[in-house]
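Chain and residue survey
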Amino acid sequence: MKLSILALTAFAASVVVAAPAAKSTISLTKHTPTDNTSRIERALSNKEFQIAKYAKHYKAGLKEAVSSNVPLTNDDNELYYGNVVIGSQTVTVDFDTGSSDFWVRGAKCTSSDDSCGTGSGHTGIKTTGLTDAKQKFDDGYGSGEASGEIWQGTYSVGGVSAKNAYLGISSKETGFDDPSDGLFGLAFSGLSNIGQATDGNAPIDALGLKSFAFYLSNDSSDKGELSLAGADSSKYTGAFNYVPLNAETYWQFSTSTATASVNGKSHKFTTKSAIADSGTTLVIVDDAVASSIYSAVGADSQGNISCSKASSAPAIVFTIAGKAYSIPASVWVFTDGSSCICGVQGGAADAGVVIFGDVFMRQYYTLFDITNKRLGFALSA
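The present account deals with the structure reproduced in this document. Note that the structure is a prediction, hence the values are computed from the model and not measured.

Side note on the packing of aromatic side chains
Under the defined criterion, the tally for this structure stands at 27 aromatic pairs. Taken together, a centroid distance of 5.8 Å and an interplanar angle of 20 degrees make the contact between Phe240 and Tyr242 stacked. Across the pair, exposure class does not vary: Phe240 and Tyr242 are buried alike. Plain terms: the ring middles of Phe356 and Phe360 are 5.0 Å apart, the flat faces sit at 65 degrees to each other, and that makes the pair edge-to-face. Both residues of the pair, Phe356 and Phe360, count as buried. Above the face of the Tyr242 ring, Arg374 is positioned so that its terminal group lies 3.7 Å from the ring centre.

Here it is, written out as structure tokens:
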């Protein structure tokens, strides 16, 4: 679930530095799907959604002490969601670094495909304690669309509060089938439709965040975590490698010198910018890069691989700003019963950007440094 941007220039080398101190943390959780689609089908569908979403933008030219913890539920390594408190109401949201609006499902939400959950006891959020901003929002994502009214009030995430802040309450949705009540965008204000209709702020501005970080767990027995105002040192090992942003819309950085390799044979990206996106399940690269990876790991032309062969498959190594990031088969193989696929897929040229989604972020704890306009990657603990 998300939105879009512009592909730009090259950049400097990354630096290895100590991480900023964390002040608030949020745990992430895991969901059992209600439809009959397989995990692989949903992961590939998420890939197509994200390519379509980012194509709209790019192809168009566009602290060590943790005082609060929001757990993130791990939904079969497909989606991570956690809680936001609005007044006295607690809702679950998809924390998405690929968009910039916060909206939740309204009590009068309607949908043609049960996106609103009206068939399963859906009640929606109450507007008690909120003020009607007399404005509307309409957010389009690769996976669907949500629209409705903009309201103003207080909400909190992991103990960090936003007062007199704006949020959307949906009255119409299509294309959403996850268990969360809405979406919380963590990208910059330039992508915020709600911000453009109100005070110009995105949720990261309303909360006054300086940085935040994601730990995405590898199975449902382990909670994920969203740490606010820094990094949680219990969730990563070693030092951070930093890469500067080359745009402040999505969390975008240069891939002008980036490569992907298997067994030492590397291939350069032709798409020159990438984003770190917690809302994309897979990693999306150039088609030629994906094809070379498939050949090297023993997958077919679509990335399907024998599960028995996958267990001993080699690591896929991404080199970004001169630093190598190795993803073992235990992470890049996406398994659904007796079926397995490669979690690195083609489509970057269609999206207009390379997307480092959850397959990458599960292996590398990712720090989103707002103040210093950079991303930090460290090996997850």
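Considerations on the pattern of salt bridges
Enumeration according to the criterion identifies five salt bridges in this entry. In this structure, the salt-bridge partner of Glu78 is Arg42, at a minimum N-O distance of 2.8 Å. Residues Glu78 and Arg42 agree in their burial class; the two are buried.

A closer look at the pairing of strand S12 (residues 224–228)
Across the five residues of S12, five count as buried, placing the element largely inside the fold. Neither face of S12 is left uncovered, since the one carrying Gly224, Leu226 and Leu228 and the one carrying Glu225 and Ser227 both have all their residues buried. Of the pairings in the sheet, the one linking strand S11 (residues 211–215) to S12 comprises four bridges and is antiparallel in character. Paired with Ala213 across the two strands is Ser227, which belongs to S12.

Description of the pairing of strand S9 (residues 160–174)
Pairing of strand S6 (residues 102–110) with S9 involves four bridges; the strand directions are parallel. Paired with Arg105 across the bridge in S9 is Ser170. In this sheet, S9 lies alongside strand S8 (residues 145–157) in antiparallel orientation, the contact comprising twelve bridges. Across the sheet, residue Glu145 finds its bridge partner in S9, namely Thr174. Here S8 folds back onto S9 in antiparallel fashion, the turn holding two residues, of which Gly158 has a positive phi close to 55 degrees.

Some details on the state of the cysteines
Counting across every chain of the model gives two disulfides. Disulfide pairing places Cys109 opposite Cys116 at an S-S distance of 1.8 Å. Taking the sign of the S-S torsion, -50 degrees for the link of Cys109 and Cys116, the bridge is left-handed. For Cys109, a relative accessible area of 4% corresponds to the buried category. Residue Cys307 pairs covalently with Cys340 via a disulfide, S to S 2.0 Å. The sign of the 110 degrees torsion about the S-S bond sets the Cys307-Cys340 disulfide as right-handed. With Cys307 in helix H5 (residues 307–310) and Cys340 in strand S23 (residues 339–342), this residue pair connects regions lying 33 residues apart in the sequence. Numbered in order of appearance, the disulfide-bonded cysteines of the chain are paired 1-2, 3-4.

About the thresholds
Residue positions are given per chain, counted from 1 along the sequence in the order it is written. Totals for whole chains, interfaces and linings use every residue, but because this is a predicted model, local features are given only for residues with pLDDT of at least 70 and side-chain atom pairs only at 80 or more, for both listing and counting. Side-chain measures here rest on the full set of heavy atoms in the structure, leaving out hydrogens and waters. Aromatic rings from Phe, Tyr and Trp, taking only the six-membered ring of Trp, are treated as a pair when their centres fall within 6.5 Å; an angle between ring planes under 30 degrees marks them as stacked, one over 60 as edge-to-face, and anything in between as tilted. Relative accessibility decides the category of a residue: with a 1.4 Å probe and only protein chains considered, values under 20% of the type maximum give buried, values over 50% give exposed, and everything between is partly exposed. Any Lys NZ or Arg CZ found within 6 Å of a ring centre and within 35 degrees of that ring's normal is scored as a charge over the ring. Any Lys or Arg side-chain nitrogen found within 4 Å of a carboxyl oxygen on Asp or Glu counts as a salt bridge. Secondary structure elements follow DSSP: runs of H or I of four or more residues count as helices, runs of E of two or more count as strands, with numbering from the N terminus. Each pair of strands is called paired provided DSSP finds at least two bridges between the two strands. The disulfide definition used here is simple: a pair of cysteine sulfur atoms within 2.5 Å.

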